[in-house]
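# Observations on the three-dimensional arrangement
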Amino acid sequence: LHWTYSAHSYSSCSFRLRFLSTAVPSLMPAGNILRFRFFVRNDSGLLVLLFWLFLMALSSFSYFLSVFLSKQQSAVYMGFVIFLVGWIMQTIAIFGLPYDPQYFYTRTGRAFFRIFSCLPWCPLIKGTLDLAAATGSDKDPGIRWSQRSSYCQHIPDTAQQPAYDSTTTYVDYDCVYPLNQIYINLVIQAVVWLAIALYLDNVWPSGSGKTRPPWYFLLPSYWANHRAGTVRHLRKTDSITSSTDRRSLESHRGSGAQPEPASRGKVRVAADLQAPPVRSSTPESTDADVAVVEQRKAKAVHGEEDEDVTAEANKMKALLKYRIAGLSKGSRGLQATAKRIQNLQDAASATDHSMLDPNVQLAVEVFGLSKVFKGPIGCGPNKGSMADFWAIKGSWFGIQEGQLFCLLGPNGAGKTTTINCLTGG
């Protein structure tokens, strides 16, 4: 999941960079065609960089907020609140606080400045106001790239203000926060908010309760090659499955009862019990469909396993050994294992060996997936821990690439939990 999440993060950041690099420069031709002084007289690089860095910082800030949201409706409310807060803060900035020198050098003004410097829209409004002031009249020349810092100077005494040609140069002697510092601030926001978002997304509990320790980035396993870890986890799964199957088989041989069906078999049988038989135009097919449903009902009553689920589980168990051998020995191990795969004892009951064909590409391989929700600890009359709830218990299946896969089952069968486990939700 670490590498899956990293790939998702990298692809998301890459898409964001490509999108902004294309969308932001497209504003310039529109402004020049309409002959707005704001676009014509100010340096294009200043405008593009300001808007591009603002959107980068805003995207990182959005990622940070999304960590605390688990429902789409919550995102709507959060977006509306952020819009109101941003609108109020931009209005305050327009009236001078905290970027006007009369507020900037006061204790209250510095406090507001630190707060405003943490939010992407505040530096944006300051930069936009400076660029607009530099093109406020027909005689104002705008700001050049080389003047991104020098135009902003705080010299209140007019006698000490150097002379300049207002037709070719724009200077504001009542300014304390130039564009160059605004760009640096937006870069820091984009990096810091993204780093915080990535960290909290790992340590903050997800919808399924999955978390990492706060020091996860210090663990060698987080950065090192995960081949050895993958082999170790697959071997553990194979060992647990083999021992569980042996105990279950010995127990039921002694009692004469049928083995308990796996959770995925229960899902399949329960779905068949709820769904009405499929009707067709011919009486023969109708009777056959009804017979299939009745047969599965009888198997469910007697606790027998569904044939399709059993075959799928056997194929995935054989594939598990195939993966273990291949990862342990490299590419030669894969070839050698492919020759010996027919002799695997666990694959003897598999009816379809196509799942063991190396040419069959699986997009998803699920080996013994289980998920338990720990029971709450009661108090008073209910003192002590309550029973744990197994949402998934031993699910085995594979999904081929390009295949439409449907996960069916009644309410409470574990469909949503399965999807959440596969997607990291």
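To start, this report covers the structure provided alongside it. Keep in mind that this is a model prediction, so the values were computed, not measured. (Residues numbered from 1 in each chain as written. Predicted model: local features only at pLDDT ≥ 70, side-chain atom pairs only at ≥ 80, totals over all residues. Heavy atoms only, no water.)

### Quick word on the packing of helix α5 (residues 72-94) against helix α8 (residues 121-133)
Two elements in contact, α5 and α8, have axes separated by 9 Å at closest approach and are oriented at 40°. Seen along the crossing, α5 lies across α8 with a hand that is right-handed. Side by side, α5 and α8 meet where Ile82, Gly86, Met89, Gln90, Ala93 and Ile94 of the first sit next to Trp121, Cys122, Ile125 and Leu129 of the second. Looking at the contact of α5 with α8 residue by residue, the classes come out as eight nonpolar, two polar and no charged. (Axes fitted to C-alpha atoms, helices over the stretch in contact; angles between N-to-C directions. Helix = DSSP H or I, 4+ residues; strand = E, 2+ residues; numbered from the N terminus. Left-handed = near helix turned anticlockwise from the far one by under 90°. Contact = heavy atoms within 4.5 Å. Nonpolar A, V, L, I, M, F, W, Y, C, P; charged D, E, K, R; others polar.)

### Description of the nonpolar core
Counting 48 residues, the largest nonpolar core has Leu131, Ile143 and Leu179 as the members making the most contacts within it. Mapped by element, the contributors of at least two residues to this core are α3 (37-40), α4 (44-66), α5, α7 (107-116), α8 and α9 (179-203). With residues up to four places along the chain from it excluded, the contact list for leucine 179 reads Leu46, Gly127, Leu131, Ile143, Arg148 and Tyr151. Ranked by size, the runner-up nonpolar core spans nine residues in total, among them Met316, Ile324, Phe367 and Trp396. (Core = buried A, V, L, I, M, F, W, Y, C linked by side-chain atoms within 4.5 Å. Buried < 20%, exposed > 50% of the residue type's maximum accessible area, 1.4 Å probe, protein only.)

### With respect to the pattern of salt bridges
Counted by the stated rule, this structure contains three salt bridges. The partner of aspartate 130 in a salt bridge is lysine 126, with the nearest N and O atoms 2.6 Å apart. Separated by four residues within a single helix, aspartate 130 and lysine 126 lie in helix α8, roughly one turn from each other. One exposure class covers both aspartate 130 and lysine 126, and it is buried. (Salt bridge = Lys/Arg side-chain N within 4 Å of Asp/Glu carboxyl O.)

### Observations regarding the packing of aromatic side chains
Enumeration according to the criterion identifies 21 aromatic pairs in this entry. Look at phenylalanine 61 and tryptophan 121: their rings are 5.8 Å apart centre to centre, the planes differ by 80°, and that puts the pair in the edge-to-face class. One end of the pair, phenylalanine 61, is in helix α4; the other, tryptophan 121, is in helix α8, and 60 residues separate them in sequence. Joined through ring pairs, the aromatic side chains of Phe61, Phe64, Phe68, Trp121, Trp193 and Trp204 make up one cluster. Here the basic side chain of lysine 371 rests over the ring of phenylalanine 373, its NZ or CZ set 5.2 Å away from the ring centre. (Phe/Tyr/Trp six-rings, centres within 6.5 Å; stacked < 30°, edge-to-face > 60°. Lys NZ or Arg CZ within 6 Å of the ring centre and 35° of its normal.)

### Topic: the environment of proline 141
Relative to the assigned elements, proline 141 resides in the loop between α8 and α9. With residues near it in sequence (within four places) discarded, proline 141 still touches Arg41, Ala134, Ser166, Thr167, Thr168, Thr169 and Tyr170.

### Structural notes on the environment of glutamate 401
Inspection of the secondary structure assignment puts glutamate 401 in the loop between β4 (389-400) and α16 (415-423). Spatially, the C-alpha atom of glutamate 401 lies 4.9 Å from that of alanine 363, the residues being 38 residues apart in sequence. If sequence neighbours within four positions are ignored, glutamate 401 has contacts with Gln361, Leu362 and Ala363.

### Structural notes on the state of the cysteines
Across all of its chains, the model carries one disulfide by this definition. The disulfide bridge from cysteine 152 ends at cysteine 175, spanning 1.9 Å between sulfur atoms. One disulfide, between cysteine 152 and cysteine 175, carries an S-S torsion of -95° and so falls in the left-handed class. Pair noted here: cysteine 152 is in the loop between α8 and α9 and cysteine 175 is in the loop between α8 and α9, with a separation of 23 residues, a long-range link. Classification of cysteine 152 as buried rests on a relative accessible area of 10%. A relative accessible area of 3% means that cysteine 175 is categorised as buried. A disulfide-free cysteine, cysteine 122 has its sulfur positioned 9.4 Å from the sulfur of cysteine 118, the nearest such atom. (Disulfide = S-S within 2.5 Å.)

### Topic: the side chain of aspartate 130
By relative accessible area, aspartate 130 is classed as buried at 9%. Within the structure, aspartate 130 has its side chain in polar contact with the side chain of tyrosine 151 (distance 2.7 Å). (Polar contact = N/O pair within 3.5 Å; in protein donor to acceptor, adjacent residues only side chain to side chain.)

### Let's talk about the packing of α4 against α8
Axis separation between α4 and α8 bottoms out at 10 Å; the angle between their running directions is 165°. When the axes of α4 and α8 are compared, the pair comes out roughly antiparallel. Of the two possible hands of crossing, α4 and α8 adopt the one that is left-handed. Packed against α4, whose contacting residues are Leu46, Leu47, Leu50, Phe51, Phe54, Leu58 and Phe61, the element α8 presents Trp121, Leu124, Gly127, Thr128 and Leu131 at the interface. (Parallel < 35°, antiparallel > 145°, perpendicular 65-115°, else oblique.)

### Side note on α8
For α8, with 13 residues, the first-to-last C-alpha span of 18 Å sits near the 18 Å given by 1.5 Å per residue. Those residues of α8 that fall on the buried side of the exposure criterion are Trp121, Cys122, Pro123, Leu124, Ile125, Lys126, Gly127, Asp130 and Leu131. Residues of α8 that are buried make contact with α3, α4, α5, α7 and α9. (Expected span 1.5 Å × (residues − 1).)

### Things to note about the side chain of glutamine 147
Checked against the element boundaries, glutamine 147 lands in the loop between α8 and α9. A residue is classified by how much of its surface remains accessible, and glutamine 147, at 13% relative accessible area, is buried. Discounting residues that sit within four places of it in the chain, glutamine 147 has contacts with Gly142, Thr168, Thr169 and Tyr170.

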